[in-house]
Number of protein chains: 2
Amino acid sequence: MAEKKMVEAITSRDEDFAQWYTDIVKKADLIDYSSVKGCMIIRPYGYAIWENMQKILDKMFKDTGHENVYMPMFISESLLNKEKDHVKGFAPEVAWVTHGGSEKLPERLCVRPTSETLFCEHYSNIVHSHRDLPKLYNQWCSVVRWEKTTRPFLRSREFLWQEGHTVHATPDEAIDETERMLNIYADFCEKSLNMPVIKGKKTESDKFAGAEATYAIEALMHDGKALQAGTSHYFGNGFAKAFDITYTSKENKLEYVYETSWGVSTRLIGAVIMSHGDDNGLVLPPAIAPVQVVIIPVNQHKDGVLEKAREIADRLKDKYRVKIDDSDNSPGWKFSEYEMKGVPLRLEVGPKDIENDQCVIVRRDNREKTFVKLDELEKNVEALLKAFADNIYNMAYDNMQRRTYNCTSMEEITRKLSESGDGFVHAMWCGDEACEDKVKEVTGVGSRCIPFEQKEISDKCVCCGKPAKHMVCWGKAY
Amino acid sequence: MAEKKMVEAITSRDEDFAQWYTDIVKKADLIDYSSVKGCMIIRPYGYAIWENMQKILDKMFKDTGHENVYMPMFISESLLNKEKDHVKGFAPEVAWVTHGGSEKLPERLCVRPTSETLFCEHYSNIVHSHRDLPKLYNQWCSVVRWEKTTRPFLRSREFLWQEGHTVHATPDEAIDETERMLNIYADFCEKSLNMPVIKGKKTESDKFAGAEATYAIEALMHDGKALQAGTSHYFGNGFAKAFDITYTSKENKLEYVYETSWGVSTRLIGAVIMSHGDDNGLVLPPAIAPVQVVIIPVNQHKDGVLEKAREIADRLKDKYRVKIDDSDNSPGWKFSEYEMKGVPLRLEVGPKDIENDQCVIVRRDNREKTFVKLDELEKNVEALLKAFADNIYNMAYDNMQRRTYNCTSMEEITRKLSESGDGFVHAMWCGDEACEDKVKEVTGVGSRCIPFEQKEISDKCVCCGKPAKHMVCWGKAY
């Protein structure tokens, strides 16, 4: 059989980050474009990454008492209209269904952009007594937001996500839940995606439509732009009042419930690409890599080579996701292919290795080569994957540290960004929306969040000089 | 705390099967209705059943080489129109999106009723050489069909399903795949849902829109009505021609590909309810039951009872899905509740049992009580679950046997159905669509499938008396 054509080089990351990103999503076979503008096809390799994320998150949700449900994908216009702030935020970007078959619908339906209104309607049917509380729900589904400009994984008209929705008897319980889920997201990003994040609260102007408070985790991409990786919202009893969701308390009083919602999406795949990828392609965190170890038999037609490769695969396959590539493609082609796909470890075994009772393992992150005695195989694979995960976390962390600037004036912000490139700006803020807007207008960075971990960089607002209330983390956002 | 109200009795199954079904889906907390007509909310207990089905099927698909992908939910009108038979079948029942936000779309989009057209468009982008074949894909998603009359799980405007889509170099390979997946569905129904099915081919008039052949599995519900539980379609190269999907063969010739698709849906939950349920509620096959063993501590406030219940749960929980109900509800309430929810085994343990180093296990299917010595707990649970699964399969099988009638004339069909109730009618057919229609018109039963296992009941068509080509399985369908 003719060999497949060599993996084509991709655009250099430092030359054109946006084009580099687009090259990777296509050449690592993550997505294909559909003829419907702004919608993407998630191909097997991309979907397997999402499935691995789902498995880990789903277990974290269930371990903390959440149950999965499924709500309809359609929301009637009157239902969407019930909570005023919510509809104001979402109506401009929903897709409207007007006909079923050839018949015009009596009321148009939108395809869910998010499901608060559906959950609220359901709560009002099933919550009656304090004994019915709390309800801790989650749903895995796709949602639609009619975006003008789209990019695979980062912003598309349809995307896959999970949306948690919970309902509680008291504000304290609901606030605890909001924080708990933000912490779960942060843990997931740090431990499973090897991506450091900043936890904080959104400013008033940047809250979710209908929320009393929005918490977020923000990550810094390799190019210095910020990416909102997950959000967790506290609704107070605003939705409860709009949807009349009440319960009878232990004291036999009728009370409104308190709600939360929280979500992460396939956007996290974009975050992983832009945190860890390099000029050879993807670099995937072991916890979510569809293949953790690819085994390449060298001189595979020589006696015993394929057998040894299979024996090694058998030893590893219960604990790791392993693939043998025994195709007729050249070793050079295979090396490029699995580098493009970001497989953490490449294990090579050929006649010489077999003679020496060893194999060669090459790390994707730094191309470090280790000769491994076969009787120490499992121990070495474990240690190398651990070192790999630590190293990509540390590189992303170093990037974030190097690109975080403490600034005390607008001029300093502008100078820092132009001298050292995009990044997180830490600067004080008086709490006035006008100052928030002005910082963005003048320096180009918007408020990402008010980090939970505050530093007192100065006591004055970076914009107006009045007494500062918070340190804000500012950045250019994806 | 006040006790929850007793589980209300449901309508008797023999009195009003339809009402009995509706009572169960609500009272076993499987679904709630949404204000959007024909759409349902799948509640945690219902969704957990679906998740268990998904886990088993997904493994069966992956073990046979299939990969999961995700296609967009929108299909443009021009894409849907490409294959003429397909659009004829689906256009009357699709939901149309006409606006994004406040803007009218340049072309309307339908919400996928099924995704053949999307897969075809994708194949035409990614299939070029014989080396790219086969592609064996599956997707888990929801689809929309604008049905006039709807019933939870059985027929709803939106439902959850999986749709497999594969593309092959030759007709033989594609036909093998179509049959292989039908067999996987049949195995799943028999082993995991404990529900016998008939495998067969649909007649021409009953094929999927655009298919060359449709295979199906048909199950007989307790009331004698037939339910199509899964289908597998062979498309030949019809879609390939409409979408211009070609590949270069080993002989360097341009050839069309051959395709299949296959699917099962949340309808299977309806099938399980109507196969095994009784007047006390659901009866769930152990393989998919969210809780396989519910542990009820009796006199739980007595010393050591709760501790013993927890010790038992700990011993079982690695192998089985176990729940302890230590709420303050009375044992009577708990017994009814878990009968309604179809939990296969109820394990009771109280002070007397502890004295005798035993517990009591009650089977949901026949209420048989077994005193089990605690040192033989695991062995007994395993045996009881096995006996339970076998018994509900055998009951469903007996129902199907008892309700299968071999008939050689239209009069016999009518008489049998009126004497013995609805069921499967086995009768010969000449292959003429006019006879198929007439049988339905006169006797009320339509062709369900041409079973793979043929019997020669006579050599003449049951309708026209001309030479028979096939034995057909006829029935009234859900």
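Our subject is the structure that appears above.
Each chain carries its own residue numbering, running from 1 in the direction its sequence is written. As they are written, the chains are lettered A onward and the ligands numbered 1 onward, keeping that order. Under the rules for a predicted model, residues below a pLDDT of 70 receive no local features and side-chain atom pairs below 80 are neither given nor counted, while totals for whole chains, interfaces and linings still include all residues. To get the side-chain values, take all heavy atoms of the structure and skip hydrogens and water.

Q: What should I look at first to understand the pattern of salt bridges in this one?
A: Any two side chains of opposite charge can pair, given that their charged atoms come close. All names here are of chain A. Salt bridges are identified by distance alone: a Lys or Arg side-chain nitrogen within 4 Å of an Asp or Glu carboxyl oxygen. Per the stated rule, a full pass over the model turns up 66 salt bridges over all chains. Here D63 ties to K59 by a salt bridge, and the two come within 2.7 Å at their closest N and O atoms. Here D63 and its partner K59 are both found in helix 2 (residues 44-63), four residues apart, which amounts to about one turn of the helix. Each member of the pair, D63 as well as K59, carries the same accessibility label: exposed. Secondary structure elements follow DSSP: runs of H or I no shorter than four residues count as helices, runs of E no shorter than two count as strands, and numbering proceeds from the N terminus. Working definition: with a 1.4 Å probe on protein chains only, accessible area under 20% of the residue-type maximum means buried, over 50% means exposed, and in between means partly exposed.

Q: Is there a simple way to explain the packing of aromatic side chains in this structure?
A: What describes a pair of aromatic rings is the distance from one ring centre to the other and the angle between the planes of the rings. Here the aromatic set is Phe, Tyr and Trp, taking the six-membered ring for Trp, and pairing holds for ring centres within 6.5 Å; pairs whose planes are under 30 degrees apart are stacked, those over 60 apart are edge-to-face, and all others are tilted. Evaluation of the coordinates by the stated rule reveals 32 aromatic pairs over all chains. A centroid spacing of 5.8 Å and a plane angle of 70° characterise the contact between W146 of chain A and F74 of chain B, whose relative ring orientation is edge-to-face. Here F74 of chain B lies in strand 4 (residues 74-76) and W146 of chain A lies in the loop between strand 7 (135-144) and strand 8 (158-168), a pairing that spans two chains. For W146 of chain A, a relative accessible area of 9% translates into the label buried.

Q: Would you mind going over the side chain of D353 of chain B with me for this structure?
A: Residue and element names in this part refer to chain B. Tracing the chain through its elements places D353 in helix 11 (residues 351-355). Working convention for charge: Lys and Arg count positive, Asp and Glu count negative, and His plus the chain ends are omitted. Among buried Asp, Glu, Lys and Arg side chains, D353 stands out as unpaired, with K352 the closest opposite charge at 8.5 Å. Polar contacts here mean pairs of N or O atoms no more than 3.5 Å apart (in protein, one a potential hydrogen donor and the other a potential acceptor; neighbouring residues in sequence count only if both atoms are side-chain atoms). A polar atom in the side chain of D353 sits 2.9 Å from the backbone nitrogen of G350. Throughout, a contact is declared for two residues whenever any of their heavy atoms are within 4.5 Å. Once you skip the residues sitting within four places of it in the chain, D353 turns out to touch E348, Q358, C359 and V360.

Q: Could you clarify how one ought to interpret the relation of the copies chain B and chain A in this entry?
A: Both copies of the chain are placed relative to one another by a rotation about an axis and a shift along it. When the copies are superposed, the least-squares fit takes in the C-alpha atoms of residues with a pLDDT of at least 70 in both. Placing chain B over chain A gives an RMSD of 0.0 Å and needs a rotation angle of 180°, together with 0.0 Å of translation along the axis. Given the turn and translation reported, the copies of this chain are related as if by a two-fold rotation axis. Residue V97 of chain B, judged by its C-alpha, is the member of chain B lying nearest the rotation axis, at 2.1 Å. Counting the interface residues of chain B, we find that 100% of their copies in chain A are interface residues as well, pointing to one common contact surface.

Q: Can you walk me through the sheet that holds strand 21 (residues 424-429) of chain A in this structure?
A: Backbone hydrogen bonds are what pair the strands of a sheet, in a parallel or an antiparallel way. Residues and elements named next belong to chain A. Sheet architecture is open: eleven strands sit in the order 3-7-8-14-11-10-9-22-23-21-20, paired in mixed fashion. With partners counted over all chains shown, the strands left at the sheet margins are strand 3 (67-68) and strand 20 (404-406), one partner each. Fitting a line to C-alpha atoms yields each axis, with helices limited to the stretch in contact; the angle taken between N-to-C directions then spans 0 to 180 degrees. Strand contacts of helix 14 (residues 433-443): strand 21, strand 22 (446-451) and strand 23 (470-475), with the helix running at about 150° to strand 21, the strand carrying the most contacts. In short, DSSP must find at least two bridges between two strands for them to pair.

Q: How should the pairing of strand 5 (residues 95-100) of chain A be read in this particular structure?
A: Consecutive residues of a regular strand have side chains that alternate between opposite faces of the sheet. With five of six residues buried, strand 5 of chain A lies mostly within the body of the structure. The pairing of strand 5 of chain A with strand 5 (residues 95-100) of chain B spans five bridges and is antiparallel. Its bridge partner being in strand 5 of chain B, W96 of chain A is matched across the sheet by H99 of chain B. Taken together, the four bridges between strand 5 of chain A and strand 6 (residues 103-111) of chain A define a ladder with antiparallel strand orientation. Pairing of W96 of chain A across the sheet is with C110 of chain A, part of strand 6 of chain A. Remark: two residues form the turn of the hairpin made by strand 5 of chain A and strand 6 of chain A, two consecutive strands paired antiparallel; G101 of chain A in that turn has positive phi of roughly 60°.

Q: Please clarify how the interface of chain B and chain A should be interpreted in this entry.
A: The parts lose accessible area when they come together, and the size of an interface is often stated as this lost area. Taken together, the contacts link 58 residues of chain B with 58 residues of chain A. The buried area of a pairing is the accessible area, by a 1.4 Å probe, that goes missing from both parts when the two are put together, added over both. Interface of chain B and chain A: buried area, both sides summed, is about 4900 Å²; carbon and sulfur atoms make up 56% of it. Remark: the boundary between chain B and chain A carries four salt bridges. Residue E103 of chain A pairs with K148 of chain B through a salt bridge whose shortest N-O separation is 2.9 Å. Between chain B and chain A we count 28 residue pairs in polar contact (both at pLDDT 80 or more) in total. Per-element accounting of the side of chain B that touches chain A gives the leading share, six residues, to strand 5 of chain B. In this classification, Asp, Glu, Lys and Arg are treated as charged, Ala, Val, Leu, Ile, Met, Phe, Trp, Tyr, Cys and Pro as nonpolar, and every other residue, Gly included, as polar. Class assignment for the residues of the side of chain B that touches chain A results in 31 nonpolar, twelve polar and 15 charged.

Just distances and angles here, no functional claims.
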